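Given next are the chains, with one letter for each unit.
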Amino acid sequence: MKVLVTGGSGYIGSHTALLLLEAGHEVVVVDNLSNSSKESINRVAELTGKEPSFHQVDLLDEAALAQVFAEHNIDAVIHFAGLKAVGESSIIPLAYYHNNVAGSISLLRAMEAAGVRTIIFSSSATVYGDGNSIPYVEKMEIGATNPYGRTKEMVEDILNDLGTADSSWRIALLRYFNPVGAHPSGRIGEDPLGIPNNLVPFIAQVAVGRREKLMVFGGDYETPDGTAQRDYIHVMDLAAGHLAALDYVNDKAGVYRWNLGSGVGTSVLEMLHAFERAVGHDLPYEITGRRAGDLPAFWADASSALADLGWSTTKTVDQMCEDHWRWQHNNPNGYQEG
Ligand code: NAD
Ligand code: WQD
C-alpha cells in the first residue's frame, strides 16, 4: 500500500513510518516541522534502506495537500499531525482547535476529493476524562477535561459522523496511553523542544545531565507507593498497533475504536527505578506537590485490540527505559547534532 503519514517526522510517526517501510509499504510523509526535524526521516531511510517521500506541508494548506494527493496514488492515511501539550492547550486554545480540528478537516476534505477513504487517527486516553472507573474500556462515555483532549474528542466525532454519512469510509480511532521508548538502534526517538512535559523524557534529560533532578508530582495519592500510575507503552508496540489497525480496516468499512495500552499501571517511582536500572545508577529526585489536572491512576482495558487485531504489547517497562536511554545517551541533544 502507499500510505500517507501526517506528522511522520514526529516521535510516533517516524517509528510507524519505519515499520511501514519494513513491512513493504510505500510511505509519503507530510509534516510542517513545527515540532520535529527532517533528520528523523533521514534516519528512517538509513535504518530501512528505503526513502520515504517527504513534503514539508501544513495540514491547513488544503491546496498543497491536494497536490500531494495528486502526485501520489495514496491508499490510506495515518494521521499523527497535531499539537499535543496538555498544559499549553489551556493557554492557547485557539491554536489547538485551529491546528488539530481545522487541520484534520482540511485533511479529510483533501482525502474526500482524492477518493481516499481509509484513515487511522491518533486519539488519546485523555478523552476518557476524569469520570470513568479504571481500566478504561472503549465503550465508556468520553469527556475530555482540557482543550487538547477536546480536540481529540471533536475529531473522533467528526470521523464518526463521516462514517455514518458514507459507509465506504474505513476509520480507526486509536486511543494511545503513555508512549515511551525508542527504536532499539538508538537512532530515532523522542526529541521534545524545551523542558519536557512528560515523565520519561524528563527523567532521560536528568540522566544525561541536562536537568538537575526529577520533580515527582505528588507522593500522597491512594496508590501502592503514593505516586500516580499510568499505562506506559513502548513506541515500537504502538507503531505495530497502527499496522494491525490498517490491516483490519483495509477490508472492513466502518468506524472502529481501540485502546492501545498494556493494561498495566506503573507508578512514577517504579518508572524512575526502571530508568535507573537502565542507566546503572541512582538519579536525583524530589517529591513535590500534585500537578493540576492529573489523575491518580489509569490504564487501558486492552482486550478489544487483542480480540479484533490480534495485537498486544510485547515490551516491558525495563525495555522501554533501556531503549529510551540508548537514544538519549547517543543523542544527548536529540536530532540537533545531526
Ligand atoms: P510529535 O509532536 O512528535 O509529532 C506530531 C508531528 O505533527 C510533528 O512532527 C509536527 O511537526 C507535526 N504537525 C503538527 N501540526 C501540523 C500541521 N498543522 N501540519 C503538518 N504537520 C503538523 O508528537 P507525537 O508524540 O509523535 O504524537 C503524534 C500524535 O499522537 C499526535 O496527534 C498526538 O496528539 C497523539 N498522541 C500522542 C501521545 C504522546 O504522549 N506522545 C499520546 C496520545 C496521543
Ligand atoms: C505521567 C506521570 C505526572 C512529569 C500525558 C497527556 C496525555 C497523553 C500522554 C497525549 C504523571 C508524573 C510527569 C514530571 C512527574 N498525551 N510526572 N514529573 O500526564 O499521564 O499524560 O501524556 O495525548 O494526554 O496528558 O503523562 O508523562 O506527563 O505524566 O512526576 O516531571 O508522571 O504527574 O503522574 P500524562 P506524563
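Before going into details, it helps to say that this report is about the structure given with it. Values in this document were obtained by computation on a predicted structure and should not be read as measured data.

Cut-offs and rules
- Residues numbered from 1 in each chain as written.
- Chains lettered and ligands numbered in written order.
- Predicted model: local features only at pLDDT ≥ 70, side-chain atom pairs only at ≥ 80, totals over all residues.
- Heavy atoms only, no water.
- Axes fitted to C-alpha atoms, helices over the stretch in contact; angles between N-to-C directions.
- Helix = DSSP H or I, 4+ residues; strand = E, 2+ residues; numbered from the N terminus.
- Parallel < 35°, antiparallel > 145°, perpendicular 65-115°, else oblique.
- Left-handed = near helix turned anticlockwise from the far one by under 90°.
- Contact = heavy atoms within 4.5 Å.
- Nonpolar A, V, L, I, M, F, W, Y, C, P; charged D, E, K, R; others polar.
- Near = heavy atom within 4 Å.
- Polar contact = N/O pair within 3.5 Å; in protein donor to acceptor, adjacent residues only side chain to side chain.
- Areas by Shrake-Rupley, 256 points an atom, 1.4 Å probe, with all protein chains shown as cover.
- Salt bridge = Lys/Arg side-chain N within 4 Å of Asp/Glu carboxyl O.
- Buried < 20%, exposed > 50% of the residue type's maximum accessible area, 1.4 Å probe, protein only.
- Expected span 1.5 Å × (residues − 1).

### Quick look at the packing of helix H3 (residues 62–71) against helix H5 (residues 93–114)
Between two packed helices, what matters for the description is the angle formed by their axes and the separation of those axes.
Argument step 1. Running from amino to carboxyl end, H3 crosses H5 at an angle of 40°, the nearest separation of the two axes being 9 Å. With respect to each other, H3 and H5 are oriented oblique. Pair H3 / H5 crosses with right-handed handedness. Along its contact with H3, which presents Glu62, Leu65 and Phe69, the element H5 presents Ser106, Leu107, Arg109, Ala110, Met111 and Ala114.
Argument step 2. Of the residues contributing to the contact of H3 with H5, the split by class is six nonpolar, one polar and two charged.

### Section: the site of ligand 2
Argument step 1. Near ligand 2 there are 19 residues, and of these Ser124, Tyr148, Met215, Arg230 and Asp294 occur at the shortest range.
Argument step 2. Within the side chain of asparagine 198, a nitrogen or oxygen atom sits 3.1 Å from an oxygen atom of ligand 2.
Argument step 3. In this structure, aspartate 294 approaches ligand 2 through a side-chain N or O atom, which is 2.5 Å from an oxygen atom.
Argument step 4. Surface burial for ligand 2 is 88%, taken as the share of its 690 Å² of free accessible area covered by protein chains.
Argument step 5. Elements with a minimum of two residues in the shell around ligand 2: helix H7 (199–207) and strand E8 (214–217).

### Let's talk about the pattern of salt bridges
Where charged atoms from two side chains of opposite charge approach closely, those side chains can pair.
Argument step 1. For the coordinates displayed, the defined rule picks out 12 salt bridges.
Argument step 2. Residues arginine 109 and glutamate 62 are paired through a salt bridge, measuring 3.0 Å at the closest nitrogen-oxygen approach. Highlighted residues: arginine 109 in helix H5 and glutamate 62 in helix H3, separated in sequence by 47 residues.
Argument step 3. We classify arginine 109 as partly exposed; its relative accessible area is 48%.
Argument step 4. Close ionic contact of aspartate 251 with lysine 252 constitutes a salt bridge, the shortest N to O distance being 3.2 Å.
Argument step 5. When its relative accessible area of 59% is taken as the criterion, aspartate 251 is described as exposed.

### Let's talk about helix H6 (residues 147–165)
Argument step 1. Over its 19 residues, H6 runs 27 Å from end to end, which matches the ideal 27 Å to within 8%, given 1.5 Å per residue.
Argument step 2. Those residues of H6 hidden inside the fold are in contact with helix H4 (86–91), H5, strand E5 (118–124), strand E6 (170–176) and strand E11 (254–260).

### A few points about the site of ligand 1
Argument step 1. Surveying the vicinity of ligand 1 reveals 27 residues, the closest of which are Asp31, Asn35, Ser36, Phe80 and Tyr148.
Argument step 2. A distance of 3.1 Å separates a nitrogen atom of ligand 1 from a polar backbone atom of asparagine 32.
Argument step 3. Protein chains bury 95% of the 820 Å² of accessible surface belonging to ligand 1 in isolation.
Argument step 4. Contributions of two or more residues to the shell around ligand 1 are made by helix H1 (11–22), E5 and H6.
Argument step 5. Among the residues making up the shell around ligand 1, the classes are represented as 11 nonpolar, 12 polar and four charged.

### Description of the packing of H7 against helix H9 (residues 268–279)
Argument step 1. Close contact between H7 and H9 brings their axes to 11 Å; oriented N to C, the two are set at 40°. Compared by their axis directions, H7 and H9 come out oblique. At the point where H7 passes H9, the crossing takes the right-handed sense. Mapping the contact onto sequence places Leu199, Val200, Ile203, Ala204 and Ala207 in H7 and Val268, Met271, Leu272, Phe275 and Val279 in H9.
Argument step 2. When the residues that make up the contact of H7 with H9 are grouped by side-chain class, the tally is 10 nonpolar, no polar and no charged.

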